[in-house]
Amino acid sequence: METRKVQQTGGSTYIISLPKQWAEKVGIKTGMRVSIQAQPDGKLLIDPILEGRTIKTKKIDVTGYEAKALERDIIAAYLYGYDRMEFSSKRILAEQKQVIRKVCYKLIGPEIIEESSNCVVMQDLLNPNELHIKKGLHRMFLITGSMQKDAIRALKTVDHDLALDVSQRDDEVDRLFLLISKQFRSVLCGGKMPDSSETSIEEYHDFRMAATPLERIADHSQRIANVASKIKEPIREDVMDVIEDLNNTYMELVKQAVDSLYSADTSLANQAIDNIDGIRLRVTELHASILKLESHEIMISLGTIVDSLLRIGDLGSNIAEIAINSAIKDK
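About the cut-offs
- Residues numbered from 1 in each chain as written.
- Predicted model: local features only at pLDDT ≥ 70, side-chain atom pairs only at ≥ 80, totals over all residues.
- Heavy atoms only, no water.
- Core = buried A, V, L, I, M, F, W, Y, C linked by side-chain atoms within 4.5 Å.
- Buried < 20%, exposed > 50% of the residue type's maximum accessible area, 1.4 Å probe, protein only.
- Helix = DSSP H or I, 4+ residues; strand = E, 2+ residues; numbered from the N terminus.
- Contact = heavy atoms within 4.5 Å.
- Axes fitted to C-alpha atoms, helices over the stretch in contact; angles between N-to-C directions.
- Parallel < 35°, antiparallel > 145°, perpendicular 65-115°, else oblique.
- Nonpolar A, V, L, I, M, F, W, Y, C, P; charged D, E, K, R; others polar.
- Phe/Tyr/Trp six-rings, centres within 6.5 Å; stacked < 30°, edge-to-face > 60°.
- Lys NZ or Arg CZ within 6 Å of the ring centre and 35° of its normal.
- Salt bridge = Lys/Arg side-chain N within 4 Å of Asp/Glu carboxyl O.

Let us now look at the nonpolar core. Formed by 85 residues in total, the largest nonpolar core has its most connected members in Ile74, Phe87, Leu137, Met140, Ile243, Leu302 and Ile305. When residues in this core are grouped by element, the largest group, 13 residues, is from helix H10 (residues 296-327). With near-sequence residues (within four places) excluded, isoleucine 305 lies in contact with Ile152, Leu155, Ile224, Val227 and Ile243.

Encoded structure:
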């Protein structure tokens with residue numbers, strides 16, 4: 001670490017010199033401009049403003065690529081922060097093009113801008129300054145909450161179309177999760193934070209951590225919807241009432257956990273954790289009621305649903321714990 005002496009010039013301006021080795025490394029020369037951003041923790045972020053900065057390009061020869069491997073590599077390149085991906089081969093197979101289009105749909109920002117028989121070009125058109133991680137996480141929470149609510153409604157009303165709609169919404173949660181992951185990785189690698197005046201790098205870390213349990217809650221809501229799509233007859237009313245009540249309780253507690261993260265309220269976070277732990281007895285009683293049902297098929301299906309609800313509660317506790325860890329610095 002280097003230090004610099006602060007000097008005063010003109011009676012009102014403080015100045016420091018920039019390390020020559022760093023300036024040469026990033027391409028700064030005499031007369032060029034740099035941007036300076038104040039961080040919430042009092043630090044200053046100095047970022048070189050370079051005209052015509054090179055677009056990060058990843059070239060992938062898809063010859064012999066299997067579909068799953070190609071999909072994983074595209075997502076990895078997106079998370080790494082490549083602005084442009086160029087796929088080439090003597091002849092790109094129709095199946096490979098289908099994978100590229102499918103993954104492009106899964107990601108926020110990239111669009112296919114060129115396509116021919118031997119080349120496909122995907123470019124990220126998202127302006128990173130438009131992304132605010134707090135808004136992205138809140139959007140994830142809203143979609144996840146609607147999925148959880150509608151999955152139980154589809155089960156109660158035997159609405160297979162609604163169950164399918166819930167499953168499809170999981171794609172949107174996944175897209176937001178990948179976008180948040182990409183942005184956080186960019187920040188870790190020295191990238192410019194889009195909302196640095198409002199969010200510190202520590203908060204970026206905590207919100208990225210909270211995105212994982214939210215994404216998994218969406219997966220469990222999708223799991224419930226998949227079970228609901230196969231149910232052919234209404235669930236016995238007394239059992240369904242308990243499931244619905246338990247789901248509403250978990251939804252409210254997950255909301256408390258998320259609210260505690262945004263408000264840095266450790267009291268609310270601890271309350272959410274205690275309440276989640278306190279309703280495990282109700283889950284045990286519900287399992288006992290399910291075992292008394294006559295249909296083994298329904299018994300297994302509802303067992304899967306109750307297991308997902310229990311896991312949703314545990315994931316809500318994880319978010320509340322992240323909120324406590326995040327807020328401790330302000331105590």
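Let us keep going from here.
Axis separation between helix H2 (residues 67-80) and helix H5 (residues 160-188) bottoms out at 7 Å; the angle between their running directions is 45 degrees. On the basis of the axis angle, H2 is oblique to H5. Across the interface between the two elements, Ile75, Tyr78, Leu79 and Tyr80 from H2 touch Leu178, Leu179, Ser181, Lys182 and Arg185 from H5. When grouped by side-chain class, the residues that make up the contact of H2 with H5 number six nonpolar, one polar and two charged.

Before going further, it helps to spend a moment on the packing of aromatic side chains. By the definition in use, this model includes two aromatic pairs. Ring centres of phenylalanine 207 and tyrosine 262 lie 5.1 Å apart, and the angle between their planes is 75 degrees; on these two criteria the pair is classed as edge-to-face. Placement of the pair is phenylalanine 207 in helix H6 (residues 201-228) and tyrosine 262 in helix H7 (residues 237-263), with a sequence separation of 55 residues. Phenylalanine 207 gets classed as buried once you look at its relative accessible area, which sits at 3%. Seen from the ring of tyrosine 82, lysine 56 lies directly overhead, with NZ or CZ sitting 5.5 Å from the centre.

Attention now moves to the pattern of salt bridges. Counting across every chain of the model gives 18 salt bridges. Across the pair aspartate 307 and arginine 223 runs a salt bridge whose closest N-O atoms are separated by 3.1 Å. Of this pair, aspartate 307 sits in helix H10 while arginine 223 sits in helix H6; the two residues are 84 residues apart in sequence, bridging distant segments of the chain. Aspartate 238 is the partner of arginine 236 in a salt bridge, and the nearest nitrogen-oxygen pair spans 2.8 Å. On the basis of relative accessible area, arginine 236 is assigned to the partly exposed category, the value being 42%. Among the residues examined, aspartate 238 registers a relative accessible area of 43% and is labelled partly exposed.

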